[in-house]
Amino acid sequence: MGLSVGIVGLPNAGKSTLFNALTRAGAQVGNYPFTTIEPNTGVVAVPDPRLEQLAAIFRPPRVIAATVTFTDIAGLVRGASQGEGLGNQFLGHIRETDAVCFVVRGFDDPDVSHVEGSVDPVRDLDLLELELGLADLEAVTRRLDKLERNTRLMKEKELGALATLKAVRDHLDAGRPVRTMSLNPEQRGHLRELFLLTAKPMLVVVNVPEEPIAAAGEEEALAVVQAHIAAEGGEAVAISARIEAEVVELEPDDQRAFLDELGLAEPGLHRLARQAYHLLDLITFFTAGEKEVRAWTLHRGETALDAAAEIHTDLARGFIRAEVVAAATLIAAGSNAAVREQGRLRVEGRDYVMQDGDTIHVRFNV
């Protein structure tokens, strides 16, 4: 299961700089609107020390991390939903992502112009959400108009879809994102094909100055944004995109020294990846052996059968049982043999609910 995140922001907010740090893909950066014309896409490995520790035990030729696909979308401006700037062309790139990452500017730099004339992260966030909400309202209204033309011929299921769309339209018209609605699975099904932008989980990156992250001003900017999005269930993190872009160019030992000098425990990108996983309620499980050590992703609450299907459909089709041990237990024991000797290996059935950090070996017969 691939996790995809769309990076959205006003021009010159630092989106492409953050994207460069995430992917080292070298997306063009410039001090003018619409530097990013086509969306840049990069697949990023999710840092996980457990994966490295398992690899140290088995020493396989292949070590594969869980990944997040980031898409850097050109800067939005006021009226984007109505075609201003490059408008709907960009909003369309976000529709099929799992989550939206809003990058808002928390730094003042006379050499980098601000499209709104001043630095105000909350105002910028409101503007971005407004444009996404207006785009959703247009999509829902179009679908409603199409359905209402055939009301007399509708079946019960279609009438239910009509009621859902009307409720969503009214919610959006009141300036509220779809993610704040209490929708049941059937209602979510009515909206699935619309890929509504404001229904997606929201992660906000406050792009702060290059001074240490713990500075009082930066903490205050982050706290203001967190308070602003609390009712929507979003999450926020403060990151200096410029610092992260510098960090990824250094060797590991130099990275640690550089971070220590700035008073940072870890790169901000590690926190961003964890926040994205937490926001989407995802967990990581592992497969580990002499040929390969690999991290996989599941939604929290999914089962051993779901994990087997994630690895390969044949494993799910012929599932017999799963041999499970926590990665921490395996790492402490030092080998599968030691785990067995200690009686720590568990045999679980298809309905076992996977836990973050589980290492699994599926027994199957097709």
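Note that the structure is a prediction, hence the values are computed from the model and not measured.

Please give an account of the overall build of the chain that cites residues and values.
Counting secondary structure elements, the chain contains 14 helices and 12 strands. Counting over 366 residues, the chain shows a buried share of 49%. Considering only intrachain contacts with a sequence separation of at least 6, the fraction spanning at least 24 residues in the chain is 69%. About 17900 Å² of surface is accessible on the chain, with carbon and sulfur atoms providing 50% of the total.

Run through the packing of aromatic side chains, naming residues and quoting values.
For the structure shown, the criterion picks out 1 aromatic pair. On the basis of an interplanar angle of 15° and a centroid distance of 6.3 Å, the ring pair of Phe285 and Trp296 is categorised as stacked. Of this pair, Phe285 sits in strand β8 (residues 282-288) while Trp296 sits in strand β9 (residues 292-299), and the two are 11 residues apart along the sequence. The pair formed by Phe285 and Trp296 is uniform in burial state, with each residue classed as buried. Lying over the aromatic face of Phe107, Arg242 brings its terminal NZ or CZ to 5.5 Å of the ring centre.

Can you explain the sheet that holds strand β6 (residues 202-207)? Please cite residues and give values.
One open sheet accounts for 6 strands, arranged β2-β4-β1-β5-β6-β7; its pairing is mixed. The two strands at the open ends of the sheet, each matched to only one other strand, are β2 (40-45) and β7 (235-239). Averaged over all adjacent pairs, the angle separating strand axes in this sheet is 25°, with direction ignored. Two strands pair when backbone bridges link them, and strand β5 (residues 99-105) and β6 are joined in this way by 6 bridges, in the parallel orientation. Across the sheet, Val100 pairs through a bridge with Met202, a residue of β6.

A description of the pattern of salt bridges should follow, citing residues and the corresponding values.
All told, the structure shown has 19 salt bridges when counted by the stated rule. A salt bridge links Arg50 to Asp48, with the shortest nitrogen-to-oxygen separation between them at 2.9 Å. With relative accessibility at 23%, the residue Arg50 sits in the partly exposed group. When its relative accessible area of 12% is taken as the criterion, Asp48 is described as buried.

Pulling in residues and values, what's your account of the side chain of Glu244?
Examined against the element boundaries, Glu244 turns out to sit in helix α8 (residues 241-247). Despite its burial, Glu244 pairs with no opposite charge; the closest candidate is Arg271, at 5.3 Å N-O. The contacts of Glu244, once residues within four sequence positions are left out, are Ala21, Ile239, Pro267, Gly268 and Leu269.

Could you give me a rundown of helix α10 (residues 268-279), with the residues and numbers involved?
In this model α10 runs 16 Å from its N-terminal to its C-terminal C-alpha over 12 residues, within 8% of the 16 Å that 1.5 Å per residue would give. Immediately beyond the C-terminal end of α10, within one or two residues, lies Asp281, with a positive phi of roughly 55°.

Residue-level account of the environment of Leu279, with values.
Take Leu279: it is sitting in helix α10. We classify Leu279 as buried; its relative accessible area is 15%. Leaving out residues up to four positions away in the same chain, Leu279 has contacts with Ala99, Pro201, Met202, Leu203, Gly233, Gly234 and Glu235.

Account for the nonpolar core, naming residues and giving values.
Leu3, Leu18, Leu22, Phe70, Val205 and Leu272 are the most contacted members of the largest nonpolar core, which totals 43 residues. When residues of this core are assigned to their parent elements, the largest contribution, 6 residues, is made by α10. With residues near it in sequence (within four places) discarded, Leu272 still touches Leu18, Leu22, Leu203, Val205, Val237 and Ile239. Ranked by size, the runner-up nonpolar core spans 24 residues in total, among them Val8, Leu10, Val104 and Leu125.

Outline the pairing of β7, listing residues and values.
For β7, the buried fraction is high: 5 of the 5 residues fall into the buried class. Relative to β7, β6 runs parallel, the two sharing 5 bridges. Residue pairing in the sheet places Asn207 in a bridge with Ile239 of β7.

Procedures and definitions
- Residues numbered from 1 in each chain as written.
- Predicted model: local features only at pLDDT ≥ 70, side-chain atom pairs only at ≥ 80, totals over all residues.
- Heavy atoms only, no water.
- Helix = DSSP H or I, 4+ residues; strand = E, 2+ residues; numbered from the N terminus.
- Buried < 20%, exposed > 50% of the residue type's maximum accessible area, 1.4 Å probe, protein only.
- Contact = heavy atoms within 4.5 Å.
- Areas by Shrake-Rupley, 256 points an atom, 1.4 Å probe, with all protein chains shown as cover.
- Phe/Tyr/Trp six-rings, centres within 6.5 Å; stacked < 30°, edge-to-face > 60°.
- Lys NZ or Arg CZ within 6 Å of the ring centre and 35° of its normal.
- Pairing = 2+ DSSP bridges.
- Axes fitted to C-alpha atoms, helices over the stretch in contact; angles between N-to-C directions.
- Salt bridge = Lys/Arg side-chain N within 4 Å of Asp/Glu carboxyl O.
- Lys, Arg positive; Asp, Glu negative; His and termini not counted.
- Expected span 1.5 Å × (residues − 1).
- Core = buried A, V, L, I, M, F, W, Y, C linked by side-chain atoms within 4.5 Å.

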